[in-house]
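Understanding the architecture of this molecule
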Amino acid sequence: MYALVALVLALTITSSVQSRPSYLSSVNVSNILDQSSLIGILAIFMTVVLITGNFDLSVASTAALAGTVALKLIDHYGAMIALLAALLTGVLVGLINGVLVQKVGVNAFIVTLGTLTAVRGVVQAVLNGQSITATDTAFEQFETARWIMPVGVAIVAGILLIATGVVLTVRSKLRQLTAGNVMLVAGGAALLAIGAFRPLLLNETVPVWIMIGLSVVTSLVLRYTVVGRNIYAVGGNPEAARLSGINVDRYKMTAFVVNGFVAAGVGVLYAGKFNSVDPTLLTGSELTVIAAAVLGGTSLFGGSGYVTKSVIGTLILFTLSNGFNVLNIGSNYQNVVQGTVLVAAAAMYTATSAGGRGFIASALARRRKDEPEPAPATAAIPEDQSPANTPQMTSAPQSK
């Protein structure tokens, strides 16, 4: 959150100094939200997969295949059949990934890299190297539609979020602001500010509202339900979770299946954006999704992560890209800066992680190891047992 605020402030000041249009205009902020919404949705459930201790490189290919299936079927069978077929396609890919990783025991990197290549090949074979356009515009109408939140609802929701964050902080034992409480207060303050000063931002496209809704629901499930606690448990220590009676394979496979289902939905939305698909649809987007999760502080080793922070990581990436375009900075420099920001964020998270063996933790451990051990303490001789006070044994007098 702090990094996003600092980045927005820097871009706002720079654009103002260069006499460019306001960076924080309602139109530009809406553009950033719309551009980042689909990747943000993928990042939410990629975070869930990462929390379980796995990762999925095939999300972009799965989305591309689902979008292709949807547009192939919509003109002949209607939007509902096309949508169901696309979603089932994503579920099937996710199930294949889960079975190969958890039941067969193949490494998740190898499995999802293989499905990435295979599914992308299926897309190219189905499209035969050409783009297709659907006549039925049902998906396009849904994706480009705008939903408006009433100003009164935004203000009331903002007040409730702030009050909830404050109450949870007061009721906590240490009365400290946790990450979840900070997000509640920040979200409430943002809603109040938008409702009072920028009501135009309450008019957003459907994918933006879907991203916000899925972020809230998934965060609540992970934080306040038994299912959420079990997901963190199977990623943090699978053996301990198994001994506690948790079905580790079921949770990890379910994460893959749900991720494939959501990726298919994103593919349908992306196809509906232009009502057209081509063989290069979403190529390389899987790396952007993983980068967004890493920027949000999600651990690649499982057991740690927050979906709201992954959404913020997505916003950081697209804010950088949008800012570079506004400031007319070349694409080559954009890649350099984005890569540097990603590596710096991952390095800072690793170095300051309290639970991991990062650079700082390792340095402290080496320092403790190099310190000489104190000499063992010798037991003190009691004063009354000193040689001077020890009674001397005398022999009995010999008789003459």
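Since this is a predicted model, take the numbers as computed values, not measurements. (Residues numbered from 1 in each chain as written. Predicted model: local features only at pLDDT ≥ 70, side-chain atom pairs only at ≥ 80, totals over all residues. Heavy atoms only, no water.)

Looking at the pattern of salt bridges
- Throughout the structure, instances matching the rule amount to 4 salt bridges.
- Note that K103 is salt-bridged to D249, the shortest N-O span being 3.7 Å. Here the residue K103 occupies a position in helix α4 (residues 79-104), and D249 occupies one in helix α12 (residues 248-274), the gap between them amounting to 146 residues.
- The class for K103 is exposed, based on a relative accessible area of 53%.
- A relative accessible area of 26% places D249 in the partly exposed class. (Salt bridge = Lys/Arg side-chain N within 4 Å of Asp/Glu carboxyl O. Helix = DSSP H or I, 4+ residues; strand = E, 2+ residues; numbered from the N terminus. Buried < 20%, exposed > 50% of the residue type's maximum accessible area, 1.4 Å probe, protein only.)

Side note on the packing of helix α9 (residues 206-224) against helix α14 (residues 307-326)
- One way to put it is that α9 packs onto α14 with a least axis distance of 8 Å and a crossing angle of 150°. If you check the angle between α9 and α14, you find them roughly antiparallel. The segment α9 lies against α14, with M211, S215, T218, S219 and L222 engaging V307, T308 and V311.
- Looking at the contact of α9 with α14 residue by residue, the class counts come to 4 nonpolar, 4 polar and no charged. (Axes fitted to C-alpha atoms, helices over the stretch in contact; angles between N-to-C directions. Parallel < 35°, antiparallel > 145°, perpendicular 65-115°, else oblique. Contact = heavy atoms within 4.5 Å. Nonpolar A, V, L, I, M, F, W, Y, C, P; charged D, E, K, R; others polar.)

Focus: the side chain of Q102
- Residue placement: Q102 occurs in helix α4.
- The class for Q102 is buried, based on a relative accessible area of 17%.
- Discounting chain neighbours no more than four positions away, the residues touching Q102 are N54, D249, K252 and M253.

Observations concerning the confidence of the model for the protein
- Here the protein averages 83 in pLDDT, and 84% of its residues register 70 or above.
- Within the model, pLDDT remains below 50 along residues 354-365, and this stretch shows 7 contacts once partners closer than five positions in the same chain are excluded.
- Every residue in residues 377-400 is under pLDDT 50, and counting partners more than four places away or in other chains gives 5 contacts. (pLDDT = per-residue confidence, 0-100.)

Overview of helix α10 (residues 226-236)
- Along α10, the residues that are buried comprise G228, N230, I231, V234 and G235. Relative to the axis of α10, the buried residues are bounded by an arc of 160° and lie together on one face. Facing away from the buried surface of α10 by more than 90 degrees, the exposed residues are V226 and G236.
- Looking at the buried residues of α10, the elements they touch are α2 (26-51), α9, α11 (238-243) and α12. (Arc of directions from axis to C-beta.)

What about the environment of Q141?
- The topology assignment puts Q141 in helix α6 (residues 138-144).
- According to the relative accessible area criterion, Q141 is exposed, its value standing at 55%.
- When the C-alpha atoms of Q141 and N275 are compared, they prove to be 9.2 Å apart, with 134 residues separating the residues in sequence.

So, unusual backbone geometry
- With phi around 55°, N128 is a residue other than glycine that occupies positive phi space.
- The residue N128 is located in the loop between α5 (108-127) and β1 (132-133) in this model.
- For N128, a relative accessible area of 62% corresponds to the exposed category.
- Phi is positive for L282, which is not a glycine, with a value near 60°.
- With respect to the helices and strands, L282 occurs in the loop between β4 (276-277) and α13 (285-295).
- On the accessibility criterion, L282 (8% relative accessible area) is buried.

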